[in-house]
Amino acid sequence: MKSNIILSGVGGQGILTLASIIDTAALYQNLFVKQSEVHGMSQRGGAVQCHVRISDKQIYSDLIPEGETDLILSAEPMELLRHIPFLKKNGWIITDSSTFENIVDYPDKHELYKKIKMHWNHIIINAKSCAKDMGNTKICNMILLGAAADQLPIPEDKFLQAIRYFFRDKSEKVILKNIEAFKEGQKKAKDFIEFVY
């Protein structure tokens, strides 16, 4: 068993948090994990990407070759499309529909959605709007993680354990809000799949 994941977005969207929680959940499942450094401009607004590799056998490289990615999980649709060459034939792409328009010639978002929908295995959810409705825009990444959970070889309880561990220095209220966001993401993904497929 192996699973190759690319996480992408822009600085400030919690990509490093996503990577840490996925890594921790995989370790709780007694799997091997390799993670590349988070590449890009981690200050707010710069492109950020990270490779995470999970396996039941030892992993020797932290970088995913082109055409070998099982899942691209992105907090921004244009950033997702930058990594499409890495996607394997039946891989999944999951993104927030909210755009982060940090360049003058940012493409039309509907054109971005059209390109994403060309891939059969896709989920597009408005995590930003959902997070606002839940009262905390900082939980977008947990909503996206929940949306991707079924595409990862890790059971739900290990993700919840990892979320608790990651936020262990925060209040119980913060921990529960992140768990609620994760579960909301699971629900949004299920609703999207039932509607589209």
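## A closer look at helix 1 (residues 15-28)
Over its 14 residues, helix 1 extends 20 Å from the first C-alpha to the last, a length consistent with the 20 Å expected when each residue adds 1.5 Å. For helix 1, the buried fraction is high: 10 of the 14 residues fall into the buried class. Regarding helix 1, the residues found buried are I15, T17, L18, A19, I21, I22, D23, T24, A25 and A26. Here the buried face of helix 1 lies against strand 1 (2-10), strand 2 (32-35), strand 4 (47-55), strand 5 (69-74), helix 5 (140-148) and helix 6 (156-166). Phi turns positive, to about 60 degrees, at N30, one or two residues after helix 1.

## Concerning the packing of helix 6 against helix 7 (residues 172-196)
Packing of helix 6 against helix 7 brings their axes to within 9 Å, and their N-to-C directions diverge by 150 degrees. The orientation of helix 6 with respect to helix 7, classified from their angle, is roughly antiparallel. Here the hand of the crossing between helix 6 and helix 7 comes out right-handed. Contact residues: helix 6 offers E156, F159, L160, I163 and R164, while helix 7 offers E172, I175, L176, N178, I179, F182, K183 and Q186. Class assignment for the residues of the contact of helix 6 with helix 7 results in 7 nonpolar, 2 polar and 4 charged.

## Considerations on the packing of aromatic side chains
In this description, an aromatic ring pair is defined by two values, namely the gap between the centres and the angle between the planes. Applying the stated criterion across every chain yields a total of 2 aromatic pairs. Ring geometry for F159 and F182: centres 5.5 Å apart, planes at 40 degrees, overall tilted. You can see F159 sitting in helix 6 and its partner F182 sitting in helix 7, a full 23 residues away along the chain. We note that F159, like F182, is buried. Between F166 and F167, the aromatic rings sit 5.0 Å apart at their centres with planes inclined by 80 degrees, giving edge-to-face as the arrangement. According to the relative accessible area criterion, F166 is partly exposed, its value standing at 32%.

## A closer look at the layout of surface pockets
When its volume is computed, the largest pocket comes out at roughly 620 Å³. Forming the boundary of the largest pocket are 26 residues, of which G12, T137, K138, I139 and C140 lie nearest the centre. Every element with two or more residues in the lining of the largest pocket is listed here: helix 5 and helix 7. The greatest single-element share of the lining of the largest pocket, amounting to 4 residues, is contributed by helix 7.

## Brief notes about the nonpolar core
Within the largest apolar cluster, 60 residues are counted, with the highest numbers of intra-cluster contacts made by L7, I22, I143 and F159. Apart from residues no more than four positions distant in its own chain, I143 is found in contact with I125, A127, C130, A131, M134, A181 and G185.

## Remarks on the packing of helix 1 against helix 5
Helix-helix packing is described using two parameters, namely the angle between the two axes and the distance between the axes. Helix 5 packs onto helix 1 with a crossing angle of 45 degrees between their chain directions and a minimal axis gap of 10 Å. For the element pair helix 1 / helix 5, the angle class is oblique. Judged by the twist between their axes, the crossing of helix 1 over helix 5 is right-handed. Mapping the contact onto sequence places T17, L18, I21 and I22 in helix 1 and N141, M142 and L145 in helix 5.

## Details of the pairing of strand 4
The element strand 4 is largely enclosed, with a buried count of 7 among its 9 residues. Bridge analysis of strand 1 against strand 4 gives 9 bridges, and the strand direction is antiparallel. What sits directly across from N4, in strand 4, is R53. For strand 2 and strand 4, the ladder comprises 4 bridges, and the chain directions are antiparallel. Directly across from K34, in strand 4, lies its bridge partner R53.

How each quantity is defined
- Position numbers for residues start from 1 in each chain and track the written sequence from start to end.
- Local features in this predicted model are restricted to residues of pLDDT 70 or higher, and side-chain atom pairs are both shown and tallied only at a pLDDT of 80 or more, whereas totals for entire chains, interfaces and linings draw on every residue.
- Side-chain measures were taken over the full set of non-hydrogen atoms in the model, leaving aside hydrogen atoms and water.
- Numbering of helices and strands runs from the N terminus, with a helix taken as a DSSP run of H or I at least four residues long and a strand as a DSSP run of E at least two residues long.
- To estimate the expected span of a helix, count its residues, drop one, and scale the result by 1.5 Å.
- Burial status follows relative accessibility: with a 1.4 Å probe on protein chains alone, a residue under 20% of its type maximum counts as buried, one over 50% as exposed, and anything between as partly exposed.
- The contact rule is simple, with two residues in contact once any of their heavy atoms fall within 4.5 Å.
- Lines fitted to the C-alpha atoms define the axes, with helices restricted to the stretch that makes contact. Angles between their N-to-C directions range from 0 to 180 degrees.
- Working rule for angles: under 35 degrees goes down as roughly parallel, over 145 as roughly antiparallel, 65 to 115 as roughly perpendicular, anything else as oblique.
- By definition, turning the near helix anticlockwise from the far helix through less than a right angle yields a left-handed crossing, and turning it clockwise yields a right-handed one.
- Nonpolar residues are Ala, Val, Leu, Ile, Met, Phe, Trp, Tyr, Cys and Pro. Charged residues are Asp, Glu, Lys and Arg, and all others, Gly as well, are polar.
- Pairing of aromatic rings covers Phe, Tyr and the six-membered ring of Trp, with a centre-to-centre limit of 6.5 Å; geometry is then stacked below 30 degrees between planes, edge-to-face above 60, and tilted otherwise.
- Each cavity reported here is a set of points on a 1 Å grid over the protein atoms alone in which a 1.4 Å probe fits but cannot get out, each pocket an open set with protein on both sides within 12 Å along at least five of seven lines, and each lining residue one with an atom within 4 Å of a point.
- Grid points are joined across faces, edges and corners, and a volume is the space filled by probe spheres set on the points.
- Only buried residues count toward a nonpolar core. Its members are Ala, Val, Leu, Ile, Met, Phe, Trp, Tyr and Cys residues joined through side-chain atoms within 4.5 Å.
- DSSP calls a pair of strands paired once it identifies at least 2 bridges connecting them.

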